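Results of the structural survey
Here is how the chains run, residue by residue.
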Amino acid sequence: MPADSHSILASNFKDEPYWWEAFRPLQLIAPSLPRRTDVVVIGGGYAGLATARALADGGVASVVLEAGAFGCGASTRSGGALSAGLSIGKSFTGRTLDYSPALVREAVGRAIDAYRALADLVGQESIDCHLEQRGRFLGACAASHFDGLRDRFDKLRDGGATDCRLISRAEQREEIGSDFYHGGMVFETAGKLHPALFYAGLLAAARRRNSIVLAGQCRARQLARNGDGWRVTTSMGEIVARHVVVATNGYTGDLTPSLQRRLVPIASHIIATEELPDSLVRELCPKGRTFSETRRVLHYYRISPDGRRVIFGGRARFTEIAAQRRAELLHRALVQRFPQLAGVKVTHAWQGNVAFTQDALPHAGEIDGLHFVLGCNGSGVSMMPHLGDALGRSIAGRLHGRLPFADAALPAIPFYSGKPWFLPLIGGAFRTLDFIDERIR
Ligand SMILES: Cc1cc2nc3c(=O)[nH]c(=O)nc-3n(C[C@H](O)[C@H](O)[C@H](O)COP(=O)(O)OP(=O)(O)OC[C@H]3O[C@@H](n4cnc5c(N)ncnc54)[C@H](O)[C@@H]3O)c2cc1C
């Protein structure tokens, strides 16, 4: 470990999510599994729980299988930032995809729908998760990136995102206490919440519905066709079901090879700082925005719900790394953006997996008779529950209209079998290209 990494760790440092101070994943082990059910949902994150909730409200019984404790996946680990479409078309290969105007319109529209649906869900289930709707600032990391933002701005406006605006470098200090960026873009239809408390509320909503069986520590191990339906072998025995929904996102494994090879799992890492003085927090974040940026290896950050800490994340590495290394890399990036935080210590550092798709769109649909809701592309706090809800309604025969992105099938990724051996190479290349953009060009 490099010498300075010790000095940035607080004496009470924890290698787990800051969010777990408020809600820790729940074991919820079912005494036994029913032999039959209408739907088996595999994965107990936002997507799986929202699917089960919509099924229950449509009179359809389900069993939610969760390989670990409920909440052990990405859903209690995120930054909790809610965006409505800023990263549209950004591929994991670093390219910006050339969406048709119709697809941009759909992507913006669906992102706004998801954002609004989240606020409705929080209200309907009385979830106390510190939801704040205070917009996002997207910073341009190089002068050339600001020109790219102009293009993106035009596309977003044409696609229906009417409340975004460009911010010049001279205006930037009104948005963020940093001179790191070359201007940026503000998007008002964005906000933040406490991701683990939101998860806890969704879990409580599932527990209130008698037709949902929640089976924690119960891994789906094998799937086989059984007439029109499925036989699911789990670590607790077999279940026969009419439908199976796969909601495993960044943790999708070889249980579903046809889905695994359509998803690239990428690790995302986060730290929480120790508590900061009020005046410093107001200087860093005068309007309560969330922050993101235009780099290939981007960082995203915000202030914690109690207004005392910076929660700072990024793809410091695209794969899992040791907690101290994660803290050191992210702390360095934090101080580049906010030199005022040079002496501030890190109290928590953690990571989780997100899943990227080749077309950078999230998907809900059906392949080989399996339903799925997958591919958050790094932004799933509002989108994955929204897609899960739509899929659950669709299976229950209660969806008005079509599933989101119904015209875009989840694409296979050429020459890829589901094992992302190339991630360290892509990560290294991106860091070099970012360095060239920011320091040399
Ligand atoms: C560090 C980090 C920061 C992020 N920040 C943001 C953010 O600021 N804003 C935003 O919008 N999004 C963010 N995201 C993304 C967001 O968290 C995810 O999109 C969302 O939580 C995905 O929910 P999910 O239900 O699809 O998957 P998950 O919550 O990951 O749940 C999948 C579950 O499937 C289970 N599973 C896998 N295989 C099996 C099996 N065979 N049997 C049973 N269970 C199985 C896993 O144990 C896991 O619990 C972030 C993600 C990470 C990791």
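Okay, so let's go over this structure. (Residues numbered from 1 in each chain as written. Predicted model: local features only at pLDDT ≥ 70, side-chain atom pairs only at ≥ 80, totals over all residues.)

1. Examining the overall build of the chain
Formally: For helices the rule is a DSSP run of H or I covering at least 4 residues; for strands it is a run of E covering at least 2, with both sets numbered from the N terminus onward. The quantity called the radius of gyration is restricted to C-alpha atoms. Its globule counterpart is 2.2 Å times the number of residues to the power 0.38. Each residue is classed by its C-beta neighbour count within 10 Å, where at least 20 other C-beta atoms makes it buried, 12 or fewer makes it exposed, and intermediate counts make it partly exposed; the C-beta atoms are placed from backbone geometry. Each residue is represented by a C-beta atom placed from its backbone, and any two residues with such atoms within 7 Å are regarded as in contact.
If you tally the helices and strands in the chain, you get ten helices and 19 strands. A globule of 441 residues ought to have a C-alpha radius of gyration of about 22 Å, and the chain, at 21 Å, matches this closely. Seen through its principal axes, the chain has C-alpha atoms that stretch 65 × 50 × 45 Å. Taken over 441 residues, the chain has a buried fraction of 51%. Across the chain, every contact between residues at least 6 apart in sequence was considered, and the portion connecting residues at least 24 apart equals 76%.

2. Remarks on the site of the ligand
To be explicit about the condition: For each residue, a C-beta atom is positioned from the backbone; the residue is called near a molecule or strand if that atom sits within 6 Å of it.
Lining the immediate environment of the ligand, one finds 43 residues, of which Gly 45, Gly 73, Gly 79, Gly 352 and Gly 380 sit closest. Residue assignment for the shell around the ligand shows that the elements contributing at least two residues are helix H2 (46-57), strand S13 (264-273) and strand S17 (346-356). At four residues, the largest contribution of residues to the shell around the ligand is made by S17.

3. Structural notes on the packing of H2 against helix H5 (residues 195-207)
We apply this condition: Axis angles are defined between N-to-C directions and span 0 to 180 degrees, where every axis is a line fitted to C-alpha atoms and, for a helix, only to the segment in contact. An angle below 35 degrees is treated as roughly parallel, one above 145 as roughly antiparallel, one from 65 to 115 as roughly perpendicular, and anything else as oblique. Left-handed describes a crossing whose near helix is turned anticlockwise from the far helix through less than a right angle; right-handed describes the clockwise counterpart.
Two numbers describe how H2 lies on H5: the axes approach to 9 Å, and their chain directions differ by 30°. Taken as axis vectors, H2 and H5 run roughly parallel relative to one another. Viewed along their axes, H2 and H5 form a crossing whose handedness is left-handed. Contact residues: H2 offers Tyr 46, Leu 49, Ala 50, Ala 52 and Arg 53, while H5 offers Tyr 199, Leu 202, Leu 203, Ala 205 and Ala 206.

4. Focus: the environment of Gly 237
The topology assignment puts Gly 237 in strand S12 (residues 237-246). Classification of Gly 237 as exposed rests on a count of 12 C-beta atoms within 10 Å. Considering only alpha carbons, one finds Gly 237 and Ala 333, 96 residues apart in sequence, at a separation of 47 Å.

5. Things to note about H2
Think of an α-helix as turning once every 3.6 residues; residues three or four places apart then point the same way. Threshold: Expected span of a helix: the number of residues minus one, times 1.5 Å.
With twelve residues, H2 should reach 16 Å at 1.5 Å per residue; the first-to-last C-alpha distance of 16 Å fits that figure. A large share of H2 lies buried, amounting to eleven of its twelve residues. Of the residues making up H2, those classed as buried are Tyr 46, Ala 47, Gly 48, Leu 49, Ala 50, Thr 51, Ala 52, Arg 53, Ala 54, Leu 55 and Ala 56. Downstream of H2 by one or two residues, Gly 59 has phi in the positive range, about 80°.

6. Observations regarding the pairing of S12
For clarity, the threshold we go by: Here, strands pair whenever DSSP counts at least two bridges between them.
Relative to S12, strand S2 (residues 36-42) is paired through six bridges, and the arrangement is parallel. Paired with Val 40 across the bridge in S12 is Val 244. Relative to S12, strand S11 (residues 229-234) runs antiparallel, the two sharing five bridges. Residue Thr 233 lies in a different strand from S12, and its bridge partner there is Glu 238. Connecting the antiparallel pair S11 and S12 is a turn made up of two residues. Relative to strand S19 (residues 370-374), S12 runs parallel, the two sharing two bridges. Paired with Val 246 across the two strands is Phe 372, which belongs to S19.

7. As for the nonpolar core
Burial of nonpolar side chains together is a common tendency in soluble globular proteins. The criterion, for reference: In plain words, the nonpolar core is the set of buried Ala, Val, Leu, Ile, Met, Phe, Trp, Tyr and Cys residues that C-beta atoms within 7 Å link up.
Ranked by internal contacts, the top residues of the largest apolar core, which has 119 residues, are Val 40, Val 245 and Val 373. The element that contributes the greatest number of residues to this core is H5, accounting for nine residues. Residue contacts for Val 373: discarding those within four places in its chain leaves Ala 47, Thr 51, Val 245, Ala 247, Ala 364, Met 384, Leu 387, Gly 388 and Leu 391.

8. Notes on the pairing of S11
For strand S10 (residues 220-226) and S11, the ladder comprises six bridges, and the chain directions are antiparallel. From the neighbouring strand, Arg 225 faces S11, where its bridge partner is Trp 230. Where S10 hands over to S11, the hairpin turn is made up of two residues, of which Gly 227 adopts a positive phi near 60°.

9. A look at helix H9 (residues 383-395)
For H9, which comprises 13 residues, the first-to-last C-alpha distance of 18 Å matches the rise-based estimate of 18 Å (1.5 Å per residue) to within 8%. Where burial is concerned, most of H9 is hidden: 13 out of the 13 residues are buried. Backbone geometry just downstream of H9 places Gly 397 in the positive-phi region, at approximately 75°.

10. So, the packing of helix H3 (residues 101-124) against H9
Applicable threshold: Each residue receives one of three labels: charged for Asp, Glu, Lys and Arg, nonpolar for Ala, Val, Leu, Ile, Met, Phe, Trp, Tyr, Cys and Pro, and polar for the others, Gly being one of them.
In the contact formed by H3 and H9, the axes pass within 8 Å of each other and the chain directions differ by 85°. Viewed along their axes, H3 and H9 adopt a mutual orientation that is roughly perpendicular. Between H3, through Ala 111, Asp 113, Ala 114, Ala 117, Leu 118 and Leu 121, and H9, the contact on the second element is made entirely by Met 383, Pro 385, His 386 and Asp 389. Here the contact of H3 with H9 is composed, by residue class, of seven nonpolar, one polar and two charged.

11. Thoughts on the environment of Ser 178
Mapped onto the secondary structure, Ser 178 falls in the loop between strand S6 (164-167) and strand S7 (184-187). A C-alpha to C-alpha distance of 9.1 Å links Ser 178 and Gln 340, two positions 162 residues apart in sequence. Those residues in contact with Ser 178 that lie beyond four places of it in its chain are Arg 337 and Phe 338.

12. Examining the environment of Glu 106
Along the polypeptide, Glu 106 turns up in helix H3. Its 21 C-beta neighbours within 10 Å are what place Glu 106 among the buried residues. Between the C-alpha atoms of Glu 106 and Val 373, which are 267 residues apart in sequence, the distance is 17 Å.

In short, geometric facts, not functional conclusions.
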